[in-house]
Amino acid sequence: MPVGIFRVCLVVITAIVNHPLLFPKENGTVPENMEEIIQKMKEREESLRLERLRLEQEIAAQEATQKALEKAAEVVKESKEEKVRWDMWTALSMVIFLLIELWRQDFQEGNWQDTGGEEDDMAVLGKAFKGVAFPDKAVLASFYEKRILGTTGDMARMREMVEGFADDLLEALRSACNRDADMEVEDCMGVGSMYENWRVRKPFVCDLIVPFAPPEPYCFRSQIWCSGDSFPPDEQGYGTIKVCRADEDVTGCICDKTKLGEDMLCLLHSQTNTTRPSSEMEDLLCFKNTQYLDANQVMKWFQIAVTKAWNRISHKYEFDLSFSLLDSPGALKIKFRSGKSIAFNLTPVVQYENSDVYFISHFPRSSLAADLPSSNHWFLTFAVYERRFIQLVSKTLPANACHVSCLQILSFLHGKQCSLTGPSGLTNYHLKTVMLHLLQARLSQDWAPEKLEARLQDMLKFLEKCLHEKKLYHFFIGNGNIPAELCFPIIFQRAEPLNLFRPFVLHRDVYRKTVDTFHEMLRNMSALINEYTVHIPLAHANGIHKEAL
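Residues numbered from 1 in each chain as written. Predicted model: local features only at pLDDT ≥ 70, side-chain atom pairs only at ≥ 80, totals over all residues. Heavy atoms only, no water.

Participant: Requested: an account of the overall build of the protein chain, with residues and values cited.
Facilitator: Counting its regular elements, the protein chain contains 15 helices and 10 strands. A fraction of 72% describes how many contacts in the protein chain between residues 6 or more apart in sequence connect residues 24 or more apart. (Helix = DSSP H or I, 4+ residues; strand = E, 2+ residues; numbered from the N terminus. Contact = heavy atoms within 4.5 Å.)

Participant: Talk me through helix α11 (residues 452-469); I want residue IDs and the actual numbers.
Facilitator: Along its 18 residues, α11 runs 26 Å from first to last C-alpha, staying within 8% of the 26 Å computed at 1.5 Å per residue. The element α11 is largely enclosed, with a buried count of 13 among its 18 residues. A positive backbone phi angle near 55° is found at Lys470, which sits one or two residues after α11. (Expected span 1.5 Å × (residues − 1). Buried < 20%, exposed > 50% of the residue type's maximum accessible area, 1.4 Å probe, protein only.)

Participant: Hey, could you go over the state of the cysteines for me, with residue numbers and the actual values?
Facilitator: Within this structure, the stated rule accounts for zero disulfides. Its sulfur unpaired, Cys402 is 4.3 Å from the next cysteine sulfur, which belongs to Cys406. (Disulfide = S-S within 2.5 Å.)

Participant: Which residues make up the pattern of salt bridges, and what are the values?
Facilitator: Under the defined criterion, the tally for this structure stands at 18 salt bridges. Between Lys40 and Glu36 there is a salt bridge whose closest N-O contact spans 3.5 Å. Of this pair, Lys40 and Glu36 both sit in helix α2 (residues 29-110), four residues apart, roughly one helical turn. The class of Glu36 is partly exposed, set by a relative accessible area of 43%. With a shortest N-O distance of 2.9 Å, Asp458 and Arg442 are connected by a salt bridge. (Salt bridge = Lys/Arg side-chain N within 4 Å of Asp/Glu carboxyl O.)

Participant: Give a detailed account of the nonpolar core, specifying residues and quantitative values.
Facilitator: If you look at the biggest cluster of nonpolar residues, it comprises 115 residues, and the most contacted ones within it are Leu169, Leu293, Phe344, Leu346 and Phe492. In contact with Phe492, not counting residues within four places along its chain, are Ile224, Trp225, Cys226, Tyr352, Val357, Leu380, Phe382, Phe476, Ile477 and Gly478. Grouped together as the second largest cluster of nonpolar side chains are seven residues, Val191, Ile209, Val349 and Tyr358 included. (Core = buried A, V, L, I, M, F, W, Y, C linked by side-chain atoms within 4.5 Å.)

Participant: Which residues make up the packing of aromatic side chains, and what values go with them?
Facilitator: What the rule picks out here adds up to 28 aromatic pairs. Centroid distance Phe389 to Phe475: 4.8 Å. Interplanar angle 50°. Geometry classified as tilted. Residue Phe389 is found in helix α8 (residues 383-394), and its partner Phe475 is found in the loop between α11 and α12 (490-493); the two are separated by 86 residues along the sequence. Accessibility assignment for this pair places Phe389 and Phe475 in one class, buried. For the pair Phe475 and Phe476, a centre-to-centre distance of 5.0 Å together with 85° between the ring planes defines the contact as edge-to-face. Owing to a relative accessible area of 2%, Phe475 belongs among the buried residues under this scheme. Overall, Phe476 belongs to the buried group, its relative accessible area being 0%. Through a chain of ring-to-ring contacts, three or more aromatic side chains come together here, namely Trp225, Tyr352, Phe359, Phe382, Tyr385, Phe389, Phe475, Phe476, Phe488 and Phe492. The side chain of Arg245 reaches across the aromatic face of Tyr218, ending 5.7 Å from its centre. (Phe/Tyr/Trp six-rings, centres within 6.5 Å; stacked < 30°, edge-to-face > 60°. Lys NZ or Arg CZ within 6 Å of the ring centre and 35° of its normal.)

Participant: Can you tell me about helix α4 (residues 137-148), naming the residues and giving the values?
Facilitator: In this model α4 runs 15 Å from its N-terminal to its C-terminal C-alpha over 12 residues, within 8% of the 16 Å that 1.5 Å per residue would give. Taken residue by residue, α4 has Ala138, Val139, Leu140, Ala141, Ser142, Phe143, Tyr144 and Ile148 as its buried positions.

Participant: Mind laying out unusual backbone geometry, listing which residues take part and the relevant values?
Facilitator: The omega torsion across Lys202 and Pro203 is 5°, close enough to zero to call that bond cis. Its location among the elements puts Pro203 in the loop between β2 (189-191) and β3 (205-213). Note the cis peptide between Glu216 and Pro217, where omega equals 10°. The phi dihedral of Asn197 falls on the positive side, at around 60°, and the residue is not glycine. Among the secondary structure elements, Asn197 is positioned in the loop between β2 and β3. Positive phi, close to 50°, is recorded for Glu353, a residue that is not glycine.

Participant: So what's going on with the packing of helix α10 (residues 428-441) against α11? Which residues, and what values?
Facilitator: Packed helix pairs are characterised by how far apart their axes lie and by the angle those axes make with each other. Where α10 contacts α11, the axes come no closer than 10 Å and their chain directions differ by 110°. With respect to each other, α10 and α11 are oriented roughly perpendicular. Between α10 and α11 the crossing geometry is right-handed. Packed against α10, whose contacting residues are Leu431, Val434, Met435, His437 and Leu438, the element α11 presents Asp458, Met459, Phe462 and Leu463 at the interface. Residues of the contact of α10 with α11, tallied by class, amount to seven nonpolar, one polar and one charged. (Axes fitted to C-alpha atoms, helices over the stretch in contact; angles between N-to-C directions. Parallel < 35°, antiparallel > 145°, perpendicular 65-115°, else oblique. Left-handed = near helix turned anticlockwise from the far one by under 90°. Nonpolar A, V, L, I, M, F, W, Y, C, P; charged D, E, K, R; others polar.)

Participant: Break down the pairing of strand β7 (residues 331-336) for me, citing the residues and quoting the values.
Facilitator: With five bridges joining them, strand β6 (residues 319-323) and β7 adopt antiparallel strand pairing. Its bridge partner being in β7, Phe323 is matched across the sheet by Leu332. One ladder, built from five bridges, connects β7 with strand β8 (residues 341-351); its direction is antiparallel. Of the residues in β8, the one forming a bridge with Lys335 is Ser341. (Pairing = 2+ DSSP bridges.)

Participant: Let's hear about the environment of Val515: which residues, and what values?
Facilitator: Following the sequence through the fold, Val515 ends up in helix α14 (residues 508-530). Between the alpha carbons of Val515 and Leu426 there is a distance of 9.3 Å; along the sequence they are 89 residues apart.

Participant: I'd love a proper account of the side chain of His377, names of residues and values included.
Facilitator: Mapped onto the secondary structure, His377 falls in the loop between β9 (358-360) and β10 (378-381). Among the polar contacts made by the side chain of His377, one reaches the side chain of Asn376 at a distance of 3.1 Å. (Polar contact = N/O pair within 3.5 Å; in protein donor to acceptor, adjacent residues only side chain to side chain.)

So, in structure tokens, the structure goes:
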């Protein structure tokens, strides 16, 4: 027992003696180790802090990128929605604009005959007339007498000579043709400025149209742009001519659409005439592999026929006959031994049904007009009705009315200006159309001879208005106020008005040239007229004006 207690006491004493706190100087490594540990812990803490900052920055950058992507997606989505809304508004605006434009055109077309019927309507026009010195009545009267009136006798003699020769040439053409196979040619008719007595510029050219028809048993069946079928805008004013047998149904027999039994026959058609050889249709001047009359084939046939006819009668005349234009079927020129020549046009045409409207194979083209859609499209001419309308209205006008005088002066001024500055999109037909509109719009007494100056200004202002709007409607097409005495076909009166200035919208360079030429003509008008005018006292001028008109 004492030994055990002794051992315990020894252990306790040994533990107390070896405890580090009792002898601090003898065990100094503990604090140094602690400082090193603490320093390492601080360095580790600093590295962890830097790592945490780096991670926070990366997380922030990722969050910013994500937000930017989300924002971009929202912008794209909003832009798409805005584009859809904008497209809808654009489409709606275009529809509203088109409806307004259609209403405006319908309103104008319903009242287009009234333009120029009021002096106030003319007063708002004439912007191009500011600063332009317009010739007075005395100067216009002297100019008309000196420059224009003297050409009337020359035109009458030339018409008589050309008509007589054309009749003889066509008679020889009929005798040279095969009546059973060739086209049948009718008598010619004079149309245009030479036969309406308003042509002023030389050389004088007579325009004659020659109707022709196919040999029996064939006939022509025509289709025009306003007959109900849809025609593209560039084919307005044109039509096609189909060569058919006289006993052929217009709409086609049912035997062509239904397969008949072997023991059944069509009572109208036999198997021999259900299909026609291609050569037969080409002999009938049709377009290749079709039944439609070809203008180019007609031109070749007519030139050959005229050449044969001239060879038959050339010995009777002391002059030569030749074609002046190879791309026109009947542009002929008579050359005398003295060196003088006379030009005239003999153009084949096809009658539209039983009217005096004709399909013309080749029409004089201007820089404004586009090419024909194809050679089986034929232009319609209303020249015969235009001549009759002028003759009919002239009977209701005062004696020596100034309507023809206005057209002659305007035609001369425009032709003279074009010779100085080059051709424009305006033609004499446009000028005549302006006169026809004003003839219908104004009262008869407004065309008295003493009102020449006022009516000439009206024509210029009306033409300026049409050029500004790029709209000059054909006088007959869409005009429901045509006099009943003319027996004009109702189908053309009910058609949509045909804008003769529509090509100006497509050819802006030609439009700008035309407007510039018109304005230049206005500025040069006094100089052009004074060039052919002798200034005389006003009292004598009034007397000359009455005698001249």
